[in-house]
Amino acid sequence: MHPAGLHASKALLYAAEALHLARQGKTWGLRIPKTGFDFARVMARKMAMVEDFAGYRRRQLDEGLFDFLRARARFVDGHTLELKDAAGKSRRLAAKHFVISTGSVPAAPPCPGLEEAGFLTSDGALSLRAPPPSLVILGGGPVAVELAQFFCRMDVKVTLIQRSGQVLRDSDPDAAAALETVLRREGVEIFAPTRLMRAFRTGRGKSVEFEYGNRLRRVAAAEILAATGRTPNTAGLGLAEIGVRTERGRIVTNAAMRTSAPHIYAAGDCTGPHQIVHIAVEQGEVAAQNILHPRRRRRMDYRLLTSVVFTDPQVAAVGLTEKEARARGIPYWAVSYPFADHGKSLIMEAKDGFVKLLADPKTGEILGGPVWGRWAAS
């Protein structure tokens, strides 16, 4: 995910959380007779924060420490790029080594008829000038659940349609189930698992048909948000012609971030396996180290992978989840402790949550630790 995009969504989520807490003021004996929001000002603050952050990054790129070129690139051979700028002018650039870090783009629409009906991507949803009265969200990953909660707290009628059996399918199942309970409690209507059939326009709105519980269901809304993930932004680079192996668009690398072409490396969303900013940064550092200092090579180690979903409560994890341990045949013990038995959680009325630890049953080594609850990311 682009750092600026990260700031955009988190700014909106924090505004929605502040609104939610204000609406619950009587819990702490506070008199807040009326709460509301100015959606345009919420978005304006988000845009100002994004511009401030992006402007700082642009200045870093333009400081002259290296040549910074804006152009569309394609490999013409293993050591040469053809660059075409916005004006259509072309030039070629040769190098001994390359690092590909082209990021990702929203995945193709997962539902027949969606292109014709019209839909929002996460980028479009983060740029709306006014909230739609109702919204159907396709997907159940981090972006889908974060935006579902944001729009619900902004008084939008939200329906979330997820293909797999749980939201956050790659997360700890207990945390995912608990988050689903909270989202339903706040007013998000959730259907999972489903099979998407088609989308189409209905008067001024849009509808989605899907199979759920062996029945054909239909949900109508003012807008549809396709939040079914992102795909590597590698189309058009000419990778196959120069021997760089890909799998469904993802550039395949080893732990040194080296591709199947020994002089070409990759980092970030275009290679994965995790679309997380701090992982992308470390991958880039590993690639640079191995190009510049081949005798002191580094390797990526994902054992301490840290991830956060910024819903309220948050879903955080480090290391293995139970689902991953079972899939890889790794034996473990799991113990958990509920937030509802902790004094500070009681004071904050943040009783939804738990801390779980996974350990090797023979050595006691900690294998992973999912946390679900208020400020879990901290």
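Here the structure is a predicted model, which means the values were calculated and not measured.

Describing unusual backbone geometry
At the junction of G272 and P273, the peptide bond is cis and its omega measures out at 0° in the coordinates. On the secondary structure map, P273 appears in the loop between strand 16 (264-266) and helix 7 (277-292). Each neighbour pair has its own omega, and for D312 with P313 the value is 5°, a cis peptide bond. Here L168, not a glycine, exhibits a phi torsion of approximately 50°, which is positive. Along the polypeptide, L168 turns up in the loop between strand 7 (157-161) and helix 6 (173-186). The buried category is assigned to L168, whose relative accessible area is 3%. Positive phi outside glycine occurs at E349, with the angle close to 55°. Tracing the backbone shows E349 in the loop between helix 9 (343-348) and strand 20 (353-359). What makes E349 partly exposed here is its relative accessible area of 39%.

So, the packing of helix 5 (residues 142-153) against helix 6
At a closest axis distance of 10 Å, the pairing of helix 5 and helix 6 adopts a crossing angle of 20°. By the angle between their axes, helix 5 is roughly parallel relative to helix 6. Viewed along their axes, helix 5 and helix 6 form a crossing whose handedness is left-handed. Residues V145, Q149, C152 and R153 of helix 5 touch helix 6, and the partners they reach there are L179, V182, L183 and E186. Among the residues making up the contact of helix 5 with helix 6, the classes are represented as five nonpolar, one polar and two charged.

Focus: the pattern of salt bridges
One pass over the structure, following the stated rule, counts 21 salt bridges. Put simply, E241 and R74 hold a salt bridge, and the shortest N to O gap is 3.6 Å. Highlighted residues: E241 in the loop between strand 13 (230-232) and strand 14 (246-247) and R74 in strand 1 (residues 72-77), separated in sequence by 167 residues. Here E241 falls in the exposed class, since its relative accessible area comes to 59%. R374 is the partner of D312 in a salt bridge, and the nearest nitrogen-oxygen pair spans 3.2 Å. Of the two residues, D312 sits in the loop between strand 17 (306-309) and strand 18 (314-319) while R374 sits in the segment after strand 21 (366-373), which places them 62 residues apart along the sequence. Taken individually, D312 and R374 each receive the classification buried, so the pair is uniform in this respect. Counted as one network, the salt bridges with shared partners bring together D172, D174, E322, R326 and K356.

As for the sheet that holds strand 2 (residues 80-84)
Spatially, three strands are ordered 1-2-3 in an open sheet, and the strand pairing comes out antiparallel. Looking along the sheet, the strands with just one partner apiece sit at the ends: strand 1 and strand 3 (90-94). Geometrically, the sheet is characterised by an average inter-axis angle of 30° between neighbouring strands, direction not taken into account. Relative to strand 3, strand 2 runs antiparallel, the two being bridged by five bridges. Bridge assignment links K84 to a residue of strand 3, and that residue is S90.

The rules behind these values
- Residues numbered from 1 in each chain as written.
- Predicted model: local features only at pLDDT ≥ 70, side-chain atom pairs only at ≥ 80, totals over all residues.
- Heavy atoms only, no water.
- Helix = DSSP H or I, 4+ residues; strand = E, 2+ residues; numbered from the N terminus.
- Buried < 20%, exposed > 50% of the residue type's maximum accessible area, 1.4 Å probe, protein only.
- Axes fitted to C-alpha atoms, helices over the stretch in contact; angles between N-to-C directions.
- Parallel < 35°, antiparallel > 145°, perpendicular 65-115°, else oblique.
- Left-handed = near helix turned anticlockwise from the far one by under 90°.
- Contact = heavy atoms within 4.5 Å.
- Nonpolar A, V, L, I, M, F, W, Y, C, P; charged D, E, K, R; others polar.
- Salt bridge = Lys/Arg side-chain N within 4 Å of Asp/Glu carboxyl O.
- Pairing = 2+ DSSP bridges.

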